[in-house]
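Structural overview
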Amino acid sequence: MTAITKILATCFLGVTLSGCAGHTHQMVSENDSLSVTGSFSHEGIQAPVMVLELEGARYEGRGFVIQHSQDLAKLRKLFGPGKHYDRITSGMDSDHIKNSASPVLRTESGETIRCLLAWRSGQGPAGVCTKPDGKEIDVRFD
């Protein structure tokens, strides 16, 4: 095995292993009147998962879609053509990506909570979850 082959194999293995690890965020309580705990996991090889434990019930949603978007026209105006903009369009600079998700969480008995979450790269998801009675629960994950 040549030195170049060894280096490429090592780099490939490093990228592959780091690509498998997902992000798990723990909920930061923002509800003074409710005792709510939860977690939000995404990326990696596993489907996204969100869990909320609220009023003695466990709500869970799996496999929901996470949208990734960025306004390239606005970023081009902001940064102009050049190295920084090239890094953004090539995916090397992901700081400008906006993420969003709309998971529906269910209990074993079938009760649901609908959530709307948004976050930027490197930050935890935040948003609101709405119970069937219209009560809103602010959620933020670290």
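**Topic: the nonpolar core**
Ranked by size, the top nonpolar core spans 19 residues in total, and within it Phe40, Met50, Leu52, Cys129, Val139 and Phe141 carry the most contacts. When residues of this core are traced back to their parent elements, those giving at least two are β2 (36-42), β3 (49-54), β8 (112-120) and β10 (136-141). Tallying contributions element by element places β8 first for this core, with four residues. Apart from the residues within four sequence positions on either side, methionine 50 is in contact with Ser39, Phe40, Tyr59, Glu60, Gly61, Phe64, Pro103, Leu105, Cys115, Leu117, Cys129 and Phe141.

**Considerations on the pairing of strand β6 (residues 98-101)**
Across the two faces of β6 the burial differs, with Asn99 and Ala101 buried and Lys98 and Ser100 not buried at all. Pairing of strand β5 (residues 66-69) with β6 involves four bridges; the strand directions are antiparallel. Paired with histidine 68 across the bridge in β6 is asparagine 99. In this sheet, β8 lies alongside β6 in antiparallel orientation, the contact comprising four bridges. Across the sheet, alanine 101 pairs through a bridge with leucine 117, a residue of β8.

**Examining unusual backbone geometry**
If you check the backbone angles, glutamate 55 has positive phi at about 50 degrees while not being a glycine. Considering the arrangement of structural elements, one finds glutamate 55 in the loop between β3 and β4 (57-62).

**Some words on the packing of aromatic side chains**
Throughout the structure, instances matching the rule amount to three aromatic pairs. Aromatic pair phenylalanine 40 and phenylalanine 64: ring centres 5.7 Å apart, planes at 40 degrees, arrangement tilted. Placement of the pair is phenylalanine 40 in strand β2 and phenylalanine 64 in the loop between β4 and β5, with a sequence separation of 24 residues. The class of phenylalanine 64 is buried, set by a relative accessible area of 12%.

**Here's the deal with the confidence of the model for the protein chain**
Interpreting fine coordinate detail is not advised for predicted regions of low pLDDT. Here the protein chain shows a mean pLDDT of 78. Residues at 70 or above account for 71%. By mean pLDDT, the top-scoring element of the protein chain is strand β7 (residues 104-106) (97), and the lowest-scoring one is helix α1 (residues 3-20) (42).

**Quick word on the pattern of salt bridges**
One pass over the full model with this rule turns up four salt bridges. Taking the shortest distance from any N to any O, the salt bridge between glutamate 53 and arginine 58 comes out at 3.1 Å. One network of salt bridges, with partners in common, ties together Glu53, Arg58, Glu60 and Arg62.

**Some points on the environment of alanine 118**
Inspection of the secondary structure assignment puts alanine 118 in strand β8. Owing to a relative accessible area of 42%, alanine 118 belongs among the partly exposed residues under this scheme. As for alanine 118 and alanine 101, which are separated by 17 residues in sequence, their C-alpha atoms are 6.6 Å apart. When near neighbours in sequence (up to four residues on either side) are disregarded, alanine 118 contacts Asn99, Ser100, Gly124, Pro125 and Ala126.

Quick notes on the rules
- Residues numbered from 1 in each chain as written.
- Predicted model: local features only at pLDDT ≥ 70, side-chain atom pairs only at ≥ 80, totals over all residues.
- Heavy atoms only, no water.
- Core = buried A, V, L, I, M, F, W, Y, C linked by side-chain atoms within 4.5 Å.
- Buried < 20%, exposed > 50% of the residue type's maximum accessible area, 1.4 Å probe, protein only.
- Helix = DSSP H or I, 4+ residues; strand = E, 2+ residues; numbered from the N terminus.
- Contact = heavy atoms within 4.5 Å.
- Pairing = 2+ DSSP bridges.
- Phe/Tyr/Trp six-rings, centres within 6.5 Å; stacked < 30°, edge-to-face > 60°.
- pLDDT = per-residue confidence, 0-100.
- Salt bridge = Lys/Arg side-chain N within 4 Å of Asp/Glu carboxyl O.

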